[in-house]
Amino acid sequence: MPKPRDIGAVLNRRAFFQGSLALGGGMLLSGMIPGLPGAQADTGGVFNPNAFIRIDRSGGITLIMRHAEMGQGIYTGIAMLIAEELEVDLEQVVLEAAPADPSRYTDSAAGEEVTGGSASTRDSWLPLRQAGAAARIMLVAAAAARWNVLPKSCAAQHGQIIHVLTGRTLSYGDLAEEAALQKVPEKIILKDPSTFRLIGTSPQRLDTKPKSNGTAIFGMDVRVPGMKIGRIMASPVQGGRLISYDSVAVRAIAGVVDIITLPDVIAVIGDHSWAAIKGLEAANPQWDPGPHAAVSTKILMDDLRRASDRTGLVAKNTGDVDAALAACSHQIDAVYELPFLAHAALEPINTTLHIRPDGADVWVGTQVPVRARQEVANATGLPPEKIAIHNHVIGGGFGRRLDSGSIGQAARLAKQISYPVKLFWTREEDIQQDQFRPFYYDRISAGLNKQRRIAAWKHRTTGSYVTTRWAPEGLQNGLDTDTVDGATETPYAIPAQRNESVQCEPEGLTTLWWRGVGPTHNIFVVEGMIDELAHLAETDPLDFRRSMLGHSPRGLKVLNEAASKSGWGTPLPAGHGRGIALHYSFQTWAATVLEVRVTRDNDIRLIWADTAVDCGPIVFPDAIKAQIQGGLIFGLTMALYNEITVTNGRVDQSNFHDYRMMRINEAPDIRVHLVPDLSADIGGIGEVGTVAAAPALANAIFAATGRRLRRIPFVPQIAGKST
Amino acid sequence: MITIRVNNESHQLDVTDDMPLLWVLRDILGLTGTKYGCGVAQCGACTIHIDGIPARACQLPVSLIGDRHITTIEAIGNTKEGARIQAAWLQNQVIQCGYCQSGQIMAATALLRDNPNPTDDDIDDAMSGNICRCGTYVRIREAIHQAANNA
């Protein structure tokens, strides 16, 4: 039975579905136990023991990937899990993206076919090893039957079954047809971890060679015979309407094929992207901005501030916080603010579709293929089973492709034409029409007792509830637990604590998951405040944290490891400072120490970072390091530079000149130290690095300058103000 | 008609003069390894070589190319620096989502050709025009050093 997860997080409904799973006990396997709905009925000589493995008579071994590869290395990690137990080498397998098929590819713990929440490895760790083992057992049985020997006298290795006594071998291809006739094993014993050949090693990733020579096909690169290419522009103010456009000017552009519209969208289709781009410029669309034309960042901020005066839904309440606060000898009352953020994945939104009267093909990169299919069904009236979603590697997800609205938009356009079309958003459209990480306005009060220990902690967050729109069944008594993920359960022993959450939806903007979700928001607040309290207590921030971790050996371990590897406490040059942040998120413990230098003219330079990680059992150590390195840079980029602002209902930012990305000359060196507790439950990793970035940076800047930053982004608050 | 030479092949194109090379490569010639990221030469995903010099294909009208040779990611492995960079990229597991990496590899190859032993500052100068949203910079730096050392 799966243990309850610590996160509401991206897959807030995880909790909801785990509740139902608990009833079945061990039902994590449902849908993927061989012989259950996973297997295809007609094997036709192909060994297809479950939804994830296909072995044909010629020996081709195909592993089907239900999780989207968007850079995190999951194709390789999942292939390792299956191949470990199937006893094949990674060089022997071919990978294939799963179709949209809830009966076969639902992630039972998440409740749908989805990639997110740093959950892919966690949710695959047992079932996909079992899927590999079940297939192996059936291949062994087939060989044993052919040789008329006992199965236990046979061994599987490198895609062959060997009869140990005689040295006879049969390849998996040779056995495919007979293996398909074997009984599905009822009992599967997994390998002892001491015998792993693949798990725990760092093989060459399976997706990267084509990405190094230009042959990888992202959604943006799809080319279908007869395909045209269209550029989409939606009303720059949400809720606006297309009033008019200059069709004569559009038709004058060489290569333009069609103009198609929705009430709030125009798309110009051409023989190639350039015709579509120029055509849409020529169209000069005019918009009725609709009801949200007056919205500005100031109005949205005022809404949040006002809402934050209300008492929120209580997410945690231990002890008598108000009495404990009143009794404190020292207290800090602070407001922490986190802005709206765009995802800014480098591959802009795009969808290629061929919608016919009797069915549709859709080529796209998506984290939610079943939602994508339903969007197309809703747009076209086609039954979902007539719609094929061909999933592709994604040029950066970060949560963006957990939404399928852009696919519905594309389908409503594409159903107006008979030929296949690739519809894409420009970079400007991708930023301005994004669905944004919510703005969070957090009030926090905490106090120290006479022993300079934290005695009271009161944290109220105010912001959008993504869960309300994305997975309303995941709300818990109205609470979006993502808004308090990382806030209610801190690493520290705090005797009196209250957490509240106030929902406040931004007018005219849609919000969505963003890398690190709740923890990226709350750990900034929690670890910033802990640092503030450490300084108030006149205690070293590392020692202050240690003193509250007596109950948490894993927390203490990662904290000590990061501190010692970073040389915490050793002298630094003038203008330098170290910041530390500890967190438990996505079922993983991590601590980061970041060293910065703040120059005399207030330029923030990132020197290096050390992160210590305990994510329990490790599948692919190099990928863990890569995710921490990349995740930190993703979070540091946001903390330094990023905010989406709104004027007259329109997003102000449009491209990388005003939505700034970190570049190589700004990036710190990052060292990752793995200190796994192999007996712990397996943790997630894709979002862990991002979580610690902003608090480690804020705390380092404080150490360097004495200036406490409670609002993201930092650079606009500091730059140009010389000390 | 415009004639351009890409990866040692000549192509006759019936396109307007102002069409950026990026769209010629991707939509007309089917060389989709060169990516669209920003369209305004901010991100470097569309980096190609013109006579060995890195350039942003999204801002380069096809009519200005003349008889200069274009090299794209699809053929950069035929150069000795390109092959070394690609090998170092794989060995250091640089690549995550990979969308920017064609451009990164093109920029790094040009750097290595000009400067067989780049310092960290040289790498910063040559590579800071290429955004990687996955944040693979630590490994890009390591891989360039490794490719240089493997000369």
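The name that an unreviewed UniProt entry assigns to chain B is Membrane-bound aldehyde dehydrogenase, small subunit, with the source organism given as Gluconobacter thailandicus NBRC 3257.

Chemist: Got a minute to help me understand the overall build of chain B in this structure?
Modeler: Counting secondary structure elements, chain B contains six helices and five strands. Mapped in sequence order, the helices and strands of chain B form the string β-β-α-β-β-β-α-α-α-α-α. Taking 2.2 N^0.38 as the reference for a compact globule, 151 residues should give roughly 15 Å; the C-alpha atoms of chain B span a radius of gyration of 15 Å, in line with that estimate. Taking the principal axes of its C-alpha atoms as reference, chain B extends roughly 45 × 30 × 25 Å. Taking all 151 residues of chain B together, the buried fraction comes to 61%.

Chemist: What am I meant to see in the sheet that holds strand E1 (residues 47-50) of chain A here?
Modeler: Either a parallel or an antiparallel arrangement is found when strands of a sheet pair, and the pairing is made through backbone hydrogen bonds. Residues and elements named next belong to chain A. Spatial ordering of the open sheet is given by E1-E2-E3-E4, a layout of four strands whose pairing is mixed. Pairing within the sheet leaves two strands with one partner each, and these edge strands are E1 and strand E4 (93-97). Neighbour-to-neighbour, the strand axes of this sheet turn through a mean angle of 20 degrees, independent of strand direction. Taken strand by strand, helix H5 (residues 127-147) contacts E1 and strand E2 (53-55), and its axis lies near 135 degrees from that of E1.

Chemist: Would you mind showing me how to read the interface of chain B and chain A here?
Modeler: The accessible area lost on association of the parts is a frequent measure of interface size. Between chain B and chain A, the residue contacts involve 48 residues of the former and 46 residues of the latter. Counting residues per element, the ones that place at least two in the side of chain B that touches chain A are helix H1 (21-28), helix H2 (73-76), helix H3 (80-91), helix H4 (101-114), helix H5 (120-127) and helix H6 (137-149) of chain B. In the side of chain B that touches chain A, the residues fall into 24 nonpolar, 18 polar and six charged.

Chemist: Help me understand the domain arrangement of chain A in this model?
Modeler: Residues and elements named next belong to chain A. Looking at the assigned domains, one finds that chain A contains domain 1 (1-197), domain 2 (220-289 + 349-424) and domain 3 (308-340 + 436-718). With 14 residues of domain 1 at the interface, the matching set in domain 2 holds 17 residues. Grouping the constituent residues of the side of domain 1 that touches domain 2 by class yields eight nonpolar, three polar and three charged.

Chemist: Would you explain helix H12 (residues 369-380) of chain A in this entry?
Modeler: Within an α-helix, residues lying three or four positions from one another point in the same direction, as the helix has 3.6 residues per turn. Residue and element names in this part refer to chain A. With twelve residues, H12 ought to run about 16 Å at 1.5 Å a step, and its terminal C-alpha atoms sit 17 Å apart, in line with that. Counting buried residues in H12 gives nine out of twelve residues, a clear majority hidden from the surface. If you follow the buried residues of H12, they end up packed against helix H3 (102-105), strand E15 (350-356), strand E16 (359-364), strand E17 (387-391) and helix H13 (405-414).

Chemist: Would you mind going over the domain arrangement of chain B with me for this structure?
Modeler: Residue and element names in this part refer to chain B. The domain boundaries assigned to chain B delineate domain 1 (2-75) and domain 2 (76-149). A straight line from the C-alpha centre of domain 1 to that of domain 2 covers 20 Å. Between domain 1 and domain 2, the residue contacts involve 17 residues of the former and 14 residues of the latter. Going through the elements one at a time, strand E3 (47-50), strand E4 (53-56) and H2 are the ones with two or more residues in the side of domain 1 that touches domain 2. Tallying contributions element by element places E3 first for the side of domain 1 that touches domain 2, with three residues. Of the residues belonging to the side of domain 1 that touches domain 2, the class tally is eight nonpolar, eight polar and one charged.

Chemist: Looking at this model, I keep getting lost on the environment of A:Ile74. Mind explaining?
Modeler: Residues and elements named next belong to chain A. Here Ile74 is to be found in helix H2 (residues 74-86). Distance in space between the C-alpha atoms of Ile74 and Val184 is 27 Å, their sequence separation being 110 residues. Other than its neighbours up to four places away in sequence, Ile74 contacts His67, Glu69 and Ser120.

Chemist: For this particular structure, what's the right way to read the packing of H3(B) against H4(B)?
Modeler: Two measures define how a pair of helices packs: the angle their axes make with one another and the distance between the axes. All names here are of chain B. The geometry of H3 relative to H4 is characterised by a closest axis approach of 9 Å and an angle of 125 degrees between their N-to-C directions. Taken together, the axes of H3 and H4 lie oblique to each other. The two elements H3 and H4 meet at a crossing, and its hand is right-handed. Counted together, Glu81, Gly82, Arg84, Ile85, Gln86 and Trp89 of H3 and Ile105, Ala108, Thr109, Leu112 and Arg113 of H4 form the full contact between these two elements. Of the residues contributing to the contact of H3 with H4, the split by class is five nonpolar, three polar and three charged.

Rules of the game
Each chain has its residues counted from 1, running along the sequence as written. Chains and ligands are labelled sequentially in the order written, the chains with letters from A and the ligands with numbers from 1. Residues qualify for local features only when their pLDDT is at least 70, as the model is predicted, and side-chain atom pairs are given and counted only at 80 or more; totals for whole chains, interfaces and linings, by contrast, use all residues. Starting at the N terminus, helices and strands are each numbered in turn, a helix being any DSSP run of H or I of at least four residues and a strand any DSSP run of E of at least two. Based on C-alpha atoms, the radius of gyration is set beside the globule rule, defined as 2.2 Å times the residue count to the power 0.38. Residues are called buried when their C-beta atom has 20 or more other C-beta atoms within 10 Å, exposed when it has 12 or fewer, and partly exposed otherwise; all C-beta atoms are positioned from the backbone. When DSSP locates at least two bridges between a pair of strands, those strands are taken to pair. Helix axes use the C-alpha atoms of the stretch in contact, all axes being lines fitted to C-alpha atoms, and the angles between their N-to-C directions lie in the range 0 to 180 degrees. Here contacts are defined at the residue level, using C-beta atoms placed from the backbone and a cut-off of 7 Å between them. Under the scheme applied, nonpolar residues are Ala, Val, Leu, Ile, Met, Phe, Trp, Tyr, Cys and Pro; charged residues are Asp, Glu, Lys and Arg; polar residues are all the others, including Gly. Note: domain ranges come from an automatic or database domain assignment. Expected span of a helix, by definition, is 1.5 Å for each gap between consecutive residues, and there is one gap fewer than residues. Put simply, angles under 35 degrees are roughly parallel, angles over 145 are roughly antiparallel, angles from 65 to 115 are roughly perpendicular, and the rest are oblique. Each crossing is labelled by how the near helix is turned from the far one, with a counterclockwise turn of less than a right angle marking it left-handed and a clockwise turn marking it right-handed.

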